[in-house]
Amino acid sequence: MSDCYQPCPENKFTFGLWTVGNVGRDPFGEPVRSPLSPIEIVHLLADIGAYGVNFHDNDLVPIDATSAERNQIIGAFKAALQETGLTVPMATTNLFTDPIFRDGAFTANDPKVRAYALQKTMNAIDLGVELGAQIYVFWGGREGVETDAGKNPQEALKWFREALNFLSSYVQDQGYNLKFALEPKPNEPRGDIYLSTVGAMLAFIETLDHKEMVGVNPEVAHEHMAGLNFLHAVAQAWDAGKLFHIDLNDQAFGRYDQDFRFGAHNLKSAFFLVKFLEDVGYDGNRHFDAHAYRSEDYEGVKDFARGCIRTYLILQEKAKQFNADTEIQSLLAEIHADDGAMAPYQGAYSTAKATALKQHVFDRRAISQPGHAYERLDQLAIELLLGVR
Ligand code: GCO
Ligand code: MN
Ligand code: MN
């Protein structure tokens, strides 16, 4: 294997404590790996060349820790960061593990649960900011239902909006330099989760009091679980100026929530995603929200983490190759050819333009005759990916 795919800090490759720290528990089986401490995870991530480590409040500080325990843990974690040079670009709250969240957090029917979720999130924001986080992710794993009999979905949205408004005001009140990134998912662990797609989340953000500080954190697996095209969701978020963070992993369509290594399953989609991110100059974190197969020990976990990074970097190189390939580029130039004849009708509306366009005679048959050469182009892309170009 070539050794030239080395990450550099500008790639901003990050992992959550919960990703390489995943012990391989699933609904049918017990853990297969013994838990690593946050300090051990920081060292593992430094070994494999990560830039940063992200965490949920309780990945780092157990939910029932005393304040003395909390201080000791945070001190030791900070020392490990200092020693390894790893950063904490993103933090988030665990609003799903504890039984109190069985009916949701910000959208739970019980006002005590909603208030507790706010309190827990304010504390977790304080912790994230203390460790340097500038992005705060909201993944509402329990914000949903198994049955619509007991909760009004519009009321739930109202509660979710109120919570985000409250928390964004809290951040401003504290003077924190922090942006929110909302992460949609269609289901798992709830039967249905509210605001299930990137598009739904983008529309919801427009209804918030401080929408300028709120964007999205799209995840490959989540759009794939819903059978959607992830790149299209990412492009829409980018276009809206809302791509604040991204969760990279992989997922077969129509399966359970798999969290596979980036590029492990849909290599072609992964290629077009990387090409998009590189072409537009996305400079946020590239967070791998995935975990190793349950078959692995910690050597396999390192193979998994290195694999995420290597695949991204290899696809980045392939994207450059695609952009420099003369045959591909001349085909694209043909496909995008424009003789300028329609220029008088393009751009902003005017009465004169509308009148002229209504009078223009189109030769529908002639326009529809030529093929688009997408077969040839796609095969060239495939051959490039297969390494024969
Ligand atoms: C999942 C989600 C989570 C979130 C994480 C950060 O499917 O479980 O992707 O991993 O990304 O909670 O907010
Ligand atoms: Mn996920
Ligand atoms: Mn995620």
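Worth saying up front: this structure is predicted, and the values here are computed from it rather than measured.

1. Things to note about the overall build of the protein chain
Inference 1: Each helix and strand in the protein chain was counted, giving 15 helices and 10 strands.
Inference 2: For 389 residues, the compact-globule formula gives about 21 Å, and the C-alpha radius of gyration of the protein chain, at 23 Å, lands near that figure.
Inference 3: Once the C-alpha set of the protein chain is aligned to its principal axes, its extents read approximately 75 × 55 × 40 Å.
Inference 4: Across the 389 residues in the protein chain, those meeting the buried criterion constitute 46%.
Inference 5: Partitioning the intrachain contacts of the protein chain with sequence separation of at least 6 by distance along the chain shows that 77% fall at a separation of at least 24.
Inference 6: On the protein chain, roughly 19,300 Å² of surface is accessible, and the fraction owed to carbon and sulfur atoms is 52%.
Inference 7: Looking at the protein chain, you have 35 positive and 53 negative side-chain charges, and the mean spots of the two groups are 4 Å apart.

2. Section: the coordination of the manganese ion (ligand 2)
Inference 1: Taken together, Glu-219 (OE) and His-222 (NE2) make up the protein donors of the manganese ion (ligand 2), found 2.1 to 2.2 Å from the metal.
Inference 2: Between the manganese ion (ligand 2) and the manganese ion (ligand 3), a separation of 3.7 Å is found, and both are coordinated by Glu-219.
Inference 3: We classify His-222 as buried; its relative accessible area is 3%.

3. Describing empty space enclosed by the protein
Inference 1: In total, this model carries one cavity of 30 Å³ or more according to the counting rule given.
Inference 2: Its boundaries defined by the atoms lining it, the largest cavity holds a volume of some 100 Å³.
Inference 3: What lines the largest cavity is a set of 15 residues, and nearest its centre among them are Glu-143, Phe-160, Ile-193, Tyr-194 and Met-201.
Inference 4: Among the secondary structure elements, those contributing two or more residues to the lining of the largest cavity are strand 4 (135–139) and helix 6 (153–174).

4. Considerations on the coordination of the manganese ion (ligand 3)
Inference 1: The coordination sphere of the manganese ion (ligand 3) contains the protein donors Glu-183 (OE), Glu-219 (OE), Asp-247 (OD) and Asp-289 (OD), at a distance range of 2.0 to 2.2 Å.
Inference 2: Around the manganese ion (ligand 3), the six donor atoms are arranged such that angles at the metal cover 82 to 177°; this shape is classified as octahedral.
Inference 3: Read N to C, the donor residues that coordinate the manganese ion (ligand 3) are spaced as E-x35-E-x27-D-x41-D.

5. Concerning the site of ligand 1
Inference 1: For ligand 1, the full set of nearby residues is Trp-18, His-56, Thr-92, Val-137, Trp-139, Glu-183, Lys-185, Glu-219, His-222, Asp-247, Asp-257 and Asp-289.
Inference 2: Here an oxygen atom of ligand 1 sits 3.4 Å away from a polar atom, N or O, in the side chain of Trp-18.
Inference 3: In this structure, His-56 approaches ligand 1 through a side-chain N or O atom, which is 2.6 Å from an oxygen atom.
Inference 4: The protein chains hide 92% of the 330 Å² of surface that ligand 1 would expose on its own.
Inference 5: The residue inventory of the shell around ligand 1, partitioned by class, reads three nonpolar, three polar and six charged.

6. Regarding helix 9 (residues 230–239)
Inference 1: Along helix 9, the positions that sit buried rather than exposed are Phe-230, Ala-233, Val-234 and Ala-237. All buried residues of helix 9 fall inside an arc of 95° around its axis, so they share one side. What points out from helix 9, more than 90 degrees from its buried face, is the exposed set His-232 and Asp-239.
Inference 2: Contacts from the buried residues of helix 9 go to helix 7 (198–205), strand 8 (214–216), helix 8 (220–225), strand 9 (246–248) and helix 10 (267–280).
Inference 3: With a side-chain oxygen lying 3.0 Å from the backbone nitrogen of Leu-231, the N-terminal cap of helix 9 falls on Asn-229.
Inference 4: In the stretch just after helix 9, Gly-241 is the one whose phi turns positive, near 70°.

7. Re the domain arrangement of the protein chain
Inference 1: According to the domain assignment, the protein chain consists of domain 1 (3–324) and domain 2 (326–385).
Inference 2: Listed per partner, the contact involves nine residues of domain 1 and nine residues of domain 2.
Inference 3: It is Lys-268, Lys-318 and Phe-322 in domain 1 that bury the most area against domain 2; as a group they hold 61% of the surface buried on that side.
Inference 4: Linking domain 1 with domain 2 are one salt bridge.
Inference 5: Notably, a salt bridge pairs Asp-378 with Lys-268, separated by 3.0 Å at the nearest N-O pair.

8. Some remarks on the side chain of Gln-258
Inference 1: Mapped onto the fold, Gln-258 is located in the loop between strand 9 and helix 10.
Inference 2: Every residue in contact with Gln-258, bar those within four places of it in the chain, is listed here: Asp-250, Gln-251, Ala-252 and His-291.

9. Notes on the environment of Arg-114
Inference 1: If you trace the backbone, Arg-114 turns up in helix 5 (residues 111–130).
Inference 2: In this structure, the C-alpha to C-alpha distance between Arg-114 and Arg-306, residues 192 residues apart in sequence, is 39 Å.
Inference 3: Sequence-distant contacts of Arg-114, that is, excluding residues within four places in its chain, are made with Ala-105, Phe-106, Ala-108, Asn-109 and Trp-159.

10. Describing the packing of aromatic side chains
Inference 1: One pass over the full model with this rule turns up 19 aromatic pairs.
Inference 2: Taking the centre distance of 5.8 Å and the plane angle of 25° together, the rings of Phe-101 and Tyr-116 count as stacked. Here Phe-101 is found in the loop between strand 3 (90–92) and helix 5, whereas its partner Tyr-116 is found in helix 5, with 15 residues between them in sequence.
Inference 3: Grouped by ring-pair contacts, the aromatic residues Phe-13, Phe-15, Phe-262, Phe-288, Phe-304 and Tyr-312 constitute a single cluster.
Inference 4: Above the face of the Trp-159 ring, Arg-114 is positioned so that its terminal group lies 3.8 Å from the ring centre.
Inference 5: The side chain of Lys-179 reaches across the aromatic face of Phe-244, ending 4.6 Å from its centre.

Definitions and limits used
Residues numbered from 1 in each chain as written. Chains lettered and ligands numbered in written order. Predicted model: local features only at pLDDT ≥ 70, side-chain atom pairs only at ≥ 80, totals over all residues. Heavy atoms only, no water. Helix = DSSP H or I, 4+ residues; strand = E, 2+ residues; numbered from the N terminus. Rg over C-alpha atoms; globule rule 2.2 N^0.38 Å. Buried < 20%, exposed > 50% of the residue type's maximum accessible area, 1.4 Å probe, protein only. Contact = heavy atoms within 4.5 Å. Areas by Shrake-Rupley, 256 points an atom, 1.4 Å probe, with all protein chains shown as cover. Lys, Arg positive; Asp, Glu negative; His and termini not counted. Charge placed at Lys NZ, Arg CZ, Asp CG, Glu CD. Donors = N, O, S within 2.8 Å, 3.2 Å for Na, K, Ca; no water. 1 Å grid on protein atoms, 1.4 Å probe; cavity = no way out; pocket = protein on both sides within 12 Å on 5 of 7 lines; lining within 4 Å. Points joined across faces, edges and corners; volume = space filled by probe spheres on them. Tetrahedral: all angles 85-135°; square planar, octahedral: opposite > 155°, others 65-115°. Near = heavy atom within 4 Å. Polar contact = N/O pair within 3.5 Å; in protein donor to acceptor, adjacent residues only side chain to side chain. Nonpolar A, V, L, I, M, F, W, Y, C, P; charged D, E, K, R; others polar. Arc of directions from axis to C-beta. Domains from an automatic or database assignment. Buried area = accessible area lost by both parts, 1.4 Å probe. Salt bridge = Lys/Arg side-chain N within 4 Å of Asp/Glu carboxyl O. Phe/Tyr/Trp six-rings, centres within 6.5 Å; stacked < 30°, edge-to-face > 60°. Lys NZ or Arg CZ within 6 Å of the ring centre and 35° of its normal.

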